[in-house]
Amino acid sequence: MALCRAAPRGLTAAQVIAVISVISVGCGPDASDDGARSGRHAADGDRRILEVWTPESGSRLQMVQQRADQFSAARPDVKISFTVRDFGSYPAQLKLALASDSAPDVVIGNLGWSLDGPLIKAGLLRPLDPWAARYGWDKRFPEVAQRQMRFTVDGKHFGRGAIFGIPYAADVIGWFYNVDKLEKLGDGVPATLGELESDFETARRTGEVPIMLGNKPQWPGLHLFYLVSCDLASDREINGIVFGDRSVQWTDPGFVESARMLARWNASGYIADGVNSMSPADALARFVRGAGVFLPAGSWNAAELSAAMGDDVAFFLMPPVRKGDPRRATGSVGYGWHITATSGQADLAAEFIDFMTQEAFAIQLAAGGDISPLPIDDAVPRAPSRLAGEIFAAWQSVLANGTLLPYLDFSAPNGAEVIYPTMQSIIAGQVEARQGLELIEQSRKEFLDSQ
Amino acid sequence: MTARGRRALPYLYLLPAFLFFVPFVLVPFAHTVGLSFYDWDGLTRAAFTGLGNYREAFGSALVRSAFGHAFVLIFFFGVLPVLLALPLAVSSVNASIPGGNALRTLIFLPQAISTVVVGVSWGWILALDGPLNAGLHAFGLDWAAVDWLGSFTWALPSLGIVGTWTLTGLCVALFFAGLQQIPGSLYDAAAVDGAGRLREFLAVTLPGLKGPIAVALTVTVISALRAFDLVFVTTRGGPGTETVVPGLLIYRRAFEDGRLGSAAAIAVILSIVVFAVTLLINRIADRNAP
Amino acid sequence: MSIAPRSGAWSAALLVSFAAITILPILGIVLLSLQPEQAQLSGFELPDRLHFENYARAWDVAQFASYLRSSVIVSVAVVAGTVVVSTLSGYAFGTMRFAGQDVLFYLLLAGLVIPFEAVIVPLYVELRAGHLTNTYWSVVLPLIGVNSSFGTFWMRAYFRAVPRQLIEAASLDGAGSLRILWRVLLPGARPALLTLVVLVFMWSWNEFLLPLVMLSREDLRTAPLGLAFFAGRYTVDRSGMAAAAVMVALPVVVLFIATHRRFVHGMWVGAVKQ
């Protein structure tokens, strides 16, 4: 109905109130038509402004901003303006910003269905194929990364179609450990899943906390699941869930085994007390202060850990089931740079994105202790700390072996409602593993059906 | 002023209030009802879905348990504070306690504190290594020192107790004011009849407090059925889904998951429950009014 | 008095112990806010010295100056708006007779029962369409709307209790309705107005859901929001978090304590008028 359209722009607040007062009951919602505007063109004196949104923090944010400064130095006619939001609030805040009339030009998204999917479906992000061809983005990244960059333009299928996001940094989930404490266990660094489990048992017996974990926000439990599913679930199972293959289900054997293992670890007393009311930041702080032998976490924590613990902390990827097998890791090529549909400076944005994703930046990241989706020549100067060196080596091996597995929560937009709480319940033994996974599969079915 | 003008005058006085109330409360509420029949992600076109959202809500174990949790909170936020406030108000209304006023103000204080502050503070108090458990350890009650807000069993009741702490003072204040209204003659008559304390309480005090009790229950029950702030700041619905309440579901579905139609349907169901319970409370109170 | 005097000792004990239970958590947080930053405490220990630097840290790191300023702007605006519109409509409902007054009054009263969660989603969509999100309007206007239900109810109760002769005498003297309100009725309404001001200020200051949704810009965020995000990010800095919590709660608590005698009296007066 014409009456139900959003109030046209340019009215004063009072007029809007008056108009709204007259709207009749039972109007359906209307789509915001903000997306159809001609591109905005911000300027600051003689300089053009490129608005960029990011959820990064800590040392990685610093490196991104430093690199952006280098871009401005080379292009004095351009100023880069960053808006930073914390990771938890970012999705909601970004959606609000993209739908407003102060939408940015460049945004960092999150691959897959957790964030990018809905945005692409709503037509808020631009397909990047023309620039990909021009700058060679479609050839720059290794195969494992390529798939995560693609989405069909209608937003229905992840893993194929147009290129939407260009990645710059990477993360991988693994085990940080307290070097002293592990030594005291007397068995050396575990080389298989079995050895890891026996380390847990020894730690528990000697009064240490085997696994320091803070699962209050509920997603860290899923990260623990990722570590186990690396070993126990097959490539087909994991990729099937992430990329929407209906012949694969959450109740497949690999996942059931993984979930059961976690529940067993918890029941055996391997996971820290108070895990469900502890935040990941708390868990990290305790680990730093000497509580816990192992800290399962993402590689982005490396800078903070090595700053606090120096050489007392080290890292390894999930040990394989069979000794000597190549290590598999769950991780991602991090977030991707996107150009918004409403930006009036798409070419400039593409130039910026290209600058931010060149090998030179990958080298800078490595020097800062971080990892990137571009394979780097070994001869390049590297890691400032032992920890960063270990992570870098682990990452390079994963890239070389092609054993990078994507995050399972890329597979749907509402992980918080079903996947995370159910996984927490499974770990805590509140629901039996297979039953819990059935709940998750049920919600996934509903999502896939709605596509 | 013309006769017409004089007739219109009261409405002019009402206009400012309604100018705020209608567009910012009434119309959005009507829209919520309308929105509940659609599927909308907040960004693209909406799709009409009839009773689809309601079917999903009634069929969803999560939505049902959210309302179940809200009713548990009704006990802690409403029933318990009323039960605690009655003896407190009754016993203190006549005795002249030095500083009684100050004490009653103190008891009311939790009402004045933002729920975020309350949530953050109690989050610390109930922590595994927080003061409550420290106290329990000090008394040798180690077995009782659990992870209150991380426990699948105790998280919801713990939040309930926080509500009791917050709302009892309000009930004391309401009952205190209400007690001052009960005519002394009724008590004299009861005394003449030889009624003991309990009889007096049941025959005179309680009926006389029907009004304030109804108000107290209404306010606290509405508090319990909403409870968004406290849950958001402490547990966000966890562990698992043990502390999910309707308000949290509405927020999450609308602003995080992009399911605005479904959020609206839950909001409508919540409103109906609130109306129904309020009506029920006041019906009962009216029926038994002295 | 109505009830026969009880043994003062029992009553005192009951009241004091309950007041103690109530105040204990508050005391705990205040003490925590004065502990050294790295302290990992469990109990109610007295700090070795008063670490006021926690407040400075919360102030700087969390930009509390900005949050507090936003809260003041919002609360003052809402109080001002609510008091004005409620006095006007309460006056009409309380002293005049006109067609449909019952229906209109109950309609307004429905605002007390409608849960805010039922309103927030379309409210957000409408305000976004009107480009009012991320402005103070998006919080102030709806809050005036919601609080005018209670405000009208409250002021109507007061005006109803005013002796009719007072109003009739004044109007016989030729005073218009506005004059009567301003000159005759308002001066005596101070206790009722004060109670309304305190309550509405309290509710506006403590409002969480509405600013959470409407204000995503950092420089507009109100104090409870600031606290929630600060506590979420800096979970390890417990004493800083406690200091921030105290700062958010302080203004309302101070206002409340300063006016509590008049406030309690006002509530009593209001309750009598029912």
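Up top you'll find the structure we're talking about.
Read on for a plain summary of the structure. Treat the numbers as computed from the prediction; the structure is a model and nothing was measured. (Residues numbered from 1 in each chain as written. Chains lettered and ligands numbered in written order. Predicted model: local features only at pLDDT ≥ 70, side-chain atom pairs only at ≥ 80, totals over all residues. Heavy atoms only, no water.)

## A few points about the overall build of chain C
Here is the rule: What counts as a helix is a DSSP run of H or I of at least four residues, what counts as a strand is a run of E of at least two, and both are numbered from the N terminus. Buried residues are those whose accessible area, probed at 1.4 Å on protein chains only, stays under 20% of the maximum for their type, while exposed residues exceed 50% and partly exposed ones sit between those limits. In these tables, accessible area is a Shrake-Rupley quantity obtained with a 1.4 Å probe, and a residue counts as shielded only by the protein chains included in the view.
Counting its secondary structure elements, chain C contains twelve helices and zero strands. Reading chain C from its N terminus to its C terminus gives the helix and strand order α-α-α-α-α-α-α-α-α-α-α-α. Of all 274 residues assigned to chain C, the portion counted as buried reaches 61%. With an accessible surface of roughly 11,400 Å², chain C has 67% of that area assigned to carbon and sulfur atoms.

## Describing the overall build of chain B
What counts here: The contact rule is simple, with two residues in contact once any of their heavy atoms fall within 4.5 Å. Here the positive residues are Lys and Arg and the negative ones are Asp and Glu; neither His nor the chain ends is included. A charge is said to be at NZ when it belongs to Lys, at CZ for Arg, at CG for Asp and at CD for Glu.
Across its full length, chain B carries 13 helices and two strands. Of the contacts formed within chain B by residues at least 6 apart in sequence, a portion of 68% connects residues at least 24 apart. For chain B, the distance from the average position of its 17 positive side-chain charges to the average position of its 14 negative side-chain charges is 15 Å.

## Remarks on helix α9 (residues 193-205) of chain A
Turn by turn, an α-helix covers 3.6 residues, leaving residues three or four places apart pointing in a common direction. All names here are of chain A. To be explicit about the condition: To estimate how far a helix should reach, multiply one less than its number of residues by 1.5 Å.
With 13 residues, α9 ought to run about 18 Å at 1.5 Å a step, and its terminal C-alpha atoms sit 19 Å apart, in line with that. Along α9, the residues classified as buried are Leu193, Leu196, Asp199, Phe200, Glu201 and Ala203. Buried-residue contacts for α9 involve β8 (171-178), α8 (179-185), α10 (219-232), α12 (253-267), β9 (294-298) and β10 (313-316). In the segment just after α9, Gly207 is the residue with positive phi, at about 85 degrees.

## Concerning the nonpolar core
In plain terms, the rule: Working definition of a nonpolar core: buried Ala, Val, Leu, Ile, Met, Phe, Trp, Tyr and Cys residues. They are joined through side-chain atoms within 4.5 Å.
With 197 residues, the main nonpolar core has Phe175 of chain B together with Phe64, Phe208 and Leu227 of chain C as its most contacted residues. Setting aside residues no more than four positions away along its own chain, Leu227 of chain C makes contact with Val116, Val117 and Val120 of chain B together with Phe64, Met241, Ala244, Ala245 and Val248 of chain C. In terms of nonpolar packing, the next biggest core, distinct from the first, is built from 140 residues, Leu50, Val313, Leu374 and Ala433 of chain A among them.

## Topic: the interface of chain C and chain B
Using the following cut-off: Basic side-chain nitrogens of Lys or Arg form a salt bridge, by our definition, when they fall within 4 Å of a carboxyl oxygen of Asp or Glu. Polar contacts, as used here, are pairs of N or O atoms within 3.5 Å; protein pairs need one atom able to donate a hydrogen and one able to accept it. Residues neighboring in sequence count only if both atoms are side-chain atoms.
Opposite the 92 residues of chain C that make contact, chain B presents 87 residues. Inspection of the chain C/chain B interface yields two salt bridges. Across the pair Arg226 of chain B and Glu117 of chain C runs a salt bridge whose closest N-O atoms are separated by 3.1 Å. Our count for the contact surface shared by chain C and chain B stands at ten residue pairs in polar contact (both at pLDDT 80 or more).

## Quick notes on the packing of helix α2 (residues 58-74) of chain A against helix α16 (residues 359-367) of chain A
Residues and elements named next belong to chain A. The line we're drawing: Under this scheme, a helix contributes an axis fitted over its contacting stretch, all axes are lines through C-alpha atoms, and angles between N-to-C directions fall in the 0 to 180 degree range. By the definition adopted for this analysis, an angle is roughly parallel if under 35 degrees, roughly antiparallel if over 145, roughly perpendicular if from 65 to 115, and oblique otherwise. Take the far helix as your reference; a near helix turned counterclockwise from it by less than a right angle gives a left-handed crossing, and one turned clockwise gives a right-handed crossing. Side-chain classes are defined by residue name, with Ala, Val, Leu, Ile, Met, Phe, Trp, Tyr, Cys and Pro counting as nonpolar, Asp, Glu, Lys and Arg as charged, and the others, Gly among them, as polar.
Taken N-terminus to C-terminus, the directions of α2 and α16 make an angle of 140 degrees; their axes are 11 Å apart at the nearest point. Between α2 and α16, the angle falls in the class oblique. The crossing of α2 and α16 is right-handed. Residue-level contacts link Met63, Val64, Arg67 and Gln70 of α2 to Ala360, Phe361, Gln364 and Leu365 of α16. Here the contact of α2 with α16 is composed, by residue class, of five nonpolar, two polar and one charged.

## Re the packing of aromatic side chains
Put simply, the rule reads: In summary, the pairing rule links any two rings of Phe, Tyr or Trp, Trp by its six-membered ring, whose centres are within 6.5 Å, and it sorts them by plane angle into stacked for under 30 degrees, edge-to-face for over 60 and tilted for everything else. Counting as a charge over the ring demands two things of the Lys NZ or Arg CZ atom: a distance within 6 Å of the ring centre and an angle within 35 degrees of the ring normal.
This structure, assessed with the given rule, holds 49 aromatic pairs over all chains. Ring-pair connections join several aromatic residues into one group, and the members of that group are Trp175, Tyr177, Phe200, Trp265, Tyr270, Phe294 and Phe316 of chain A. In this structure, Arg236 of chain B packs its charged tip against the face of Phe232 of chain B, placed 3.9 Å from the ring centre.

## Overview of the environment of Phe75 of chain B
All names here are of chain B. For Phe75, the location among the structural elements is in helix α3 (residues 61-94). Here Phe75 falls in the partly exposed class, since its relative accessible area comes to 38%. Considered as a pair, Phe75 and Ala46 are 29 residues apart in the sequence and their alpha carbons are 39 Å apart. Each residue touching Phe75, except ones within four places of it in the same chain, is listed here: Leu80 and Pro81.

## Description of the pairing of strand β3 (residues 78-84) of chain A
Residues and elements named next belong to chain A. This is how it is decided: Pairing between two strands requires that DSSP report at least two bridges joining them. By convention, orient the strands away from the viewer: a clockwise path from the first strand over the helix to the second makes the crossover right-handed.
Counting buried positions over the seven residues of β3 gives five, a clear majority of the element. As paired elements, strand β2 (residues 47-54) and β3 share seven bridges and run parallel to each other. Its bridge partner being in β3, Leu50 is matched across the sheet by Ile80. Tracing the backbone out of β2, into α2 and back to the parallel element β3 gives a crossover that is right-handed.

## A short note on a nonpolar patch on the surface
We count it as follows: Excluding any residue in a salt bridge, patches collect residues exceeding 30% relative accessible area, merging like charges within 9 Å and nonpolar Val, Leu, Ile, Met, Phe, Trp and Tyr side chains within 5 Å.
A cluster of nonpolar residues, Leu12, Leu15 and Leu19 of chain B, forms a patch on the protein surface that exposes about 300 Å² of accessible area. Leu15 of chain B gets classed as partly exposed once you look at its relative accessible area, which sits at 46%.

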